[in-house]
Amino acid sequence: MIHNTLVLFGATGDLTQRKLLPALWNGAQHHRFDGLHILGIGRKPWGTEGFRQKAKEACKPEKEDTEKWQAFEKSLEFSQTDVENDASFDALCQQLDRKENLLFMLATAPELFPPITQRIAKIQNSGFKRVMIEKPFGHDLASAHQLNALLKKHFGEQVYPIDHYLGKSTVRNIMVLRFSNPVFEPVWNRKYVESVQIIHSEQQGIGHRVDFYDQTGALRDMVQSHLLQMLARVAMEPPEVFDTWHVAQEKAKVLKNLEPSPEVVFGQYDGYAQEVGHESRTETFVALKAFVRTPRWKGVPFYLMTGKKLKDKFAEVIITFKPIDYMGQATQKDTLTITLQPDEKFALSVNLKEIGQTELKSFKMEYCQSCDVKTSAPQNYEILFQEALLGKKTFFASWREIEACWKFVEAVQAKVKGQKPVKYAPGSKGPAAAAHITDWNDYVG
Ligand code: BG6
């Protein structure tokens, strides 16, 4: 049996604690990672015992899962390594040279991606060497190009750029919904669709990620990756073949044809400057309107909105269909809503008449995927680890998509150049200035 080792750079960091370890534990409980050895790498002097203790705090195993937890815990090991120090890294490499398959996960600060990449490239293990790299993939188009060139040079096709939204089951289901149901494709175009809205509203602020966030902002943090990936799945043409390469090509075509309108609002929540310790022009909220220049979507607005410290926590894709006349009666606009959180569900609103009534009314047909407690849905990162271990790239972003996303981001930045973000109150629905460019059902205001 060939042994797989997951080498987790950034093991003492926030992402590992909040998402990666719980995802690995969830998978372990369902035997999705049998035999996987997990080597956490970090600067802090945690030691293996300390790492296991932190993992327990992060995963919160139930009492009845004690046996399973003990088995999982055994697969966790920690190596205190300073990735910027040659001697320290050499010691790690010697340990890894003796391994078979290695899957590296780079969940560190982005500035450490290049030095880690150069060093792990030298490891002489006997099996495969694959690299999963957390977003942001670069800071702008130029740095993304540099990072891509470096990764390609050392790892060729064995690079797995992460966008954890691609691991979300509702996002994965967008293509299934569109292409496995004959009811949608005929109306999935400018003739019937009035608008598409992609909204991600968070209640939490920037938390401890002060430096990272202040250099990044909402456009780079959320739009460049998650929101555009969702848009690409909604707007793509059916691929000739449903394989990773063709799907990525179709998504990239959409992103290349995406153009922002001048209507862009950047916002910043009150109190942000105090959190980062200085006046800042970094946006914590973005609302924008864009168009996909393809025959299918010509003239259909795509509204994107994301923000922190807002009133509600939810993420939705809403397709609003054009209203039609029914025997002289105005109909309500039908909508298809794909909810990613807090629940994962699909809802279609349609016009009907109640028994004995003459007026049309809008009714919702809904399927909630996450409401069934019996199903243990794999978590986003769990899916991504599984796929990377299998060498599958279906749920990873391709370089062409990443490049097109950065081009779009830079086009949006050009539209707001020199403008200060508009302030909004924490717990509000974002800046009122965003309401006039949007269409989202009474949401902003
Ligand atoms: C991350 C961003 O990629 O996604 C965070 O860096 C954001 O700022 C998070 O909070 C949102 O992810 P989710 O899965 O909680 O919607």
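Since this is a predicted model, take the numbers as computed values, not measurements. (Residues numbered from 1 in each chain as written. Predicted model: local features only at pLDDT ≥ 70, side-chain atom pairs only at ≥ 80, totals over all residues. Heavy atoms only, no water.)

Student: Sorry if this is basic, but what is going on with the state of the cysteines here?
Tutor: Linking two cysteines covalently through their sulfur atoms gives a disulfide. Counted according to the given criterion, the structure contains 1 disulfide. Across the disulfide, Cys 368 is cross-linked to Cys 371 (sulfur-sulfur distance 1.9 Å). Residues Cys 368 and Cys 371 are joined by a disulfide whose S-S torsion is about 75°; by sign, that bridge is right-handed. For Cys 368, a relative accessible area of 16% corresponds to the buried category. (Disulfide = S-S within 2.5 Å. Buried < 20%, exposed > 50% of the residue type's maximum accessible area, 1.4 Å probe, protein only.)

Student: Looking at this model, I keep getting lost on empty space enclosed by the protein. Mind explaining?
Tutor: Leftover empty space is mapped by rolling, across the atoms, a probe with the size of a water molecule. Enumeration over the complete set of coordinates arrives at 1 cavity of 30 Å³ or more. Approximately 120 Å³ is the volume attributed to the largest cavity. Surrounding the largest cavity, 14 residues form its lining, Ile 162, Gln 224, Ser 225, Ala 397 and Ile 402 being those nearest its centre. Only helix H8 (210–235) and helix H12 (399–415) provide two or more residues apiece to the lining of the largest cavity. (1 Å grid on protein atoms, 1.4 Å probe; cavity = no way out; pocket = protein on both sides within 12 Å on 5 of 7 lines; lining within 4 Å. Points joined across faces, edges and corners; volume = space filled by probe spheres on them. Helix = DSSP H or I, 4+ residues; strand = E, 2+ residues; numbered from the N terminus.)

Student: Quick question: what am I supposed to make of the sheet that holds strand E15 (residues 345–352) here?
Tutor: By definition, the strands of a sheet pair up through backbone hydrogen bonds, in either a parallel or an antiparallel sense. In spatial order, the strands read E16-E15-E14-E11-E7-E10-E9-E8-E17; together these 9 strands make up an open sheet with mixed pairing. Each edge of the sheet is formed by a strand with only one pairing partner; in this case those strands are strand E16 (361–368) and strand E17 (422–424). Adjacent strand axes in the sheet meet at a mean angle of 20°, parallel and antiparallel pairs treated alike. Here helix H7 (residues 169–179) sits on the sheet and contacts strand E14 (335–341) and E15; the angle it forms with E14, its principal contact strand, is near 150°. Seen against the sheet, H12 touches strand E8 (258–269) and strand E9 (285–292) and runs at an angle of roughly 65° to E8. (Pairing = 2+ DSSP bridges. Axes fitted to C-alpha atoms, helices over the stretch in contact; angles between N-to-C directions. Contact = heavy atoms within 4.5 Å.)

Student: Sorry, what's going on with the site of the ligand here?
Tutor: Neighbouring the ligand are 14 residues, the closest being Tyr 165, Glu 202, Arg 209, Asp 221 and His 226. Between the ligand and His 164 there is a distance of 2.8 Å, counted from an oxygen atom to a side-chain nitrogen or oxygen. Within the side chain of Tyr 165, an N or O atom sits 2.5 Å from an oxygen atom of the ligand. Here the element with the most residues in the shell around the ligand is H8; it accounts for 3 residues. By residue class, the composition of the shell around the ligand is 2 nonpolar, 5 polar and 7 charged. (Near = heavy atom within 4 Å. Polar contact = N/O pair within 3.5 Å; in protein donor to acceptor, adjacent residues only side chain to side chain. Nonpolar A, V, L, I, M, F, W, Y, C, P; charged D, E, K, R; others polar.)

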